[in-house]
Amino acid sequence: MEQLFEGVTPVFWILAFVTLVSAFMVVSLKNIFHCALFLILCLFSVAGLYVLLEAEFIAAAQVLIYVGAVAILMIFAIMLTSNLASRRIRQLNENVLVSFFVSVVFVFAGILLIRATTTARVWHYRPKDLSTDNIALLGKYLMTEYALPFEVISVLLVAAMIGAIVLARKERS
Amino acid sequence: MLPYLVLAMILFATGLFGVLTRRNTIGILMSLELMFNAANINFVTFNKFVATTPFVGQLFAIFVIVIAAAEAAVGLAIVLLIYRNWRGIETDHYSVMKW
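Please read all numbers here as calculations on a predicted model, not as lab measurements.

A few words on the overall build of chain A. Within chain A, the regular secondary structure consists of six helices and zero strands. Reading the helices (α) and strands (β) of chain A from amino to carboxyl end gives α-α-α-α-α-α. Over its C-alpha trace chain A gives a radius of gyration of 21 Å, far above what one expects of a compact globule, namely 16 Å for 173 residues. Here chain A, with 173 residues, has 22% of them falling under the buried criterion. Pairs at least 24 residues apart make up 56% of the contacts formed inside chain A by residues separated by at least 6 positions.

Set out below in structure tokens:
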């Protein structure tokens, strides 16, 4: 059981605290613009967690794609659609209590599941040193063994881009 | 490793709560991003601590990030379209696809 706490440093606790608090802010704040700002904070601290887990490339991709692109896209959409200052509109619908209950049950079921699988030794616990040749190996995998998913995902990206343009374009009669 | 998994679980549940309760469509999309991130933390954690081929978990995390980006682009385009047609993006504002 002790070994399952390996890799947990004080930095982890700080990052976990920041992640969870900002995530709670994202789902609970009234002003949707503040939610977007807290989402950026949350994504940044998740990038820090990736660095702790020796996934530096994922951390960089997280900052570039999520913080640089997705969050900015969200802020653009908020500015184009919501009227933030004029009126205080209700942000949560009427099944808050039920949803909260469902989420709490979900967390406890998940923790029980994790405990069961760790004590039954389903996983072959073997921490690896991933610090060397990180990006080079990732690139090699993408070009050899996982070339097909890589191509599929690029086709998906092009399709999504074209779809977004077609959807958001003004209709000409 | 265990605290990472529990953190991802709580993050996912938070996103679930947001998806279920938000009235603003952009709020729902932001909660979805939280859920994607929880899944990604799991991928990277298992890649580090459990005996698999090294880096495959990180590879799948990259795929998840790309899919999240595509989802955000299409979703926000739909949100803009809804705003143009209904003048509001609250989820009880537009219900034309509901029987």
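Running from amino to carboxyl end, helix H6 (residues 147–168) of chain A crosses helix H3 (residues 56–86) of chain B at an angle of 10°, the nearest separation of the two axes being 8 Å. By the angle between their directions, the pair H6(A) and H3(B) is classed as roughly parallel. Listed contacts from H3(B) to Pro149(A), Ile153(A), Leu156(A), Leu157(A), Ala160(A), Met161(A), Gly163(A), Ala164(A), Leu167(A) and Ala168(A) of H6(A) are Phe63(B), Val66(B), Ala70(B), Ala73(B), Val74(B), Ala77(B), Ile78(B), Leu80(B) and Leu81(B). Its residues assigned to classes, the contact of H6(A) with H3(B) shows 18 nonpolar, one polar and no charged.

What follows concerns the confidence of the model for chain B. Averaged over all residues, the pLDDT of chain B is 87; the fraction at 70 or higher stands at 96%. For this predicted complex, the interface confidence score (ipTM) comes to 0.90, while the overall pTM stands at 0.89.

Attention now moves to the environment of Leu138(A). Residue placement: Leu138(A) occurs in helix H5 (residues 134–143). We classify Leu138(A) as buried; it has 20 C-beta atoms within 10 Å. With 81 residues separating them along the chain, Leu138(A) and Phe57(A) place their C-alpha atoms 8.8 Å apart. Among residues more than four places away in sequence, those in contact with Leu138(A) are Phe57(A), Phe55(B), Gln58(B) and Leu59(B).

Right, let's get into the nonpolar core. Ranked by size, the top nonpolar core spans 66 residues in total, and within it Val26(A), Leu39(A), Tyr50(A), Met74(A), Ala8(B) and Ile26(B) carry the most contacts. Mapped onto this core, the elements with two or more residues apiece are helix H1 (10–28), helix H2 (32–52), helix H3 (56–81) and H6 of chain A together with helix H1 (2–21), helix H2 (25–49) and H3 of chain B. With near-sequence residues (within four places) excluded, Val26(A) lies in contact with Cys35(A), Phe38(A), Leu39(A), Cys42(A), Gly18(B), Met30(B), Ser31(B) and Leu34(B).

Calculation criteria
- Residues numbered from 1 in each chain as written.
- Chains lettered and ligands numbered in written order.
- Predicted model: local features only at pLDDT ≥ 70, side-chain atom pairs only at ≥ 80, totals over all residues.
- Helix = DSSP H or I, 4+ residues; strand = E, 2+ residues; numbered from the N terminus.
- Rg over C-alpha atoms; globule rule 2.2 N^0.38 Å.
- Buried ≥ 20, exposed ≤ 12 C-beta atoms within 10 Å, placed from the backbone.
- Contact = placed C-beta atoms within 7 Å.
- Axes fitted to C-alpha atoms, helices over the stretch in contact; angles between N-to-C directions.
- Parallel < 35°, antiparallel > 145°, perpendicular 65-115°, else oblique.
- Nonpolar A, V, L, I, M, F, W, Y, C, P; charged D, E, K, R; others polar.
- pLDDT = per-residue confidence, 0-100.
- Core = buried A, V, L, I, M, F, W, Y, C linked by C-beta atoms within 7 Å.

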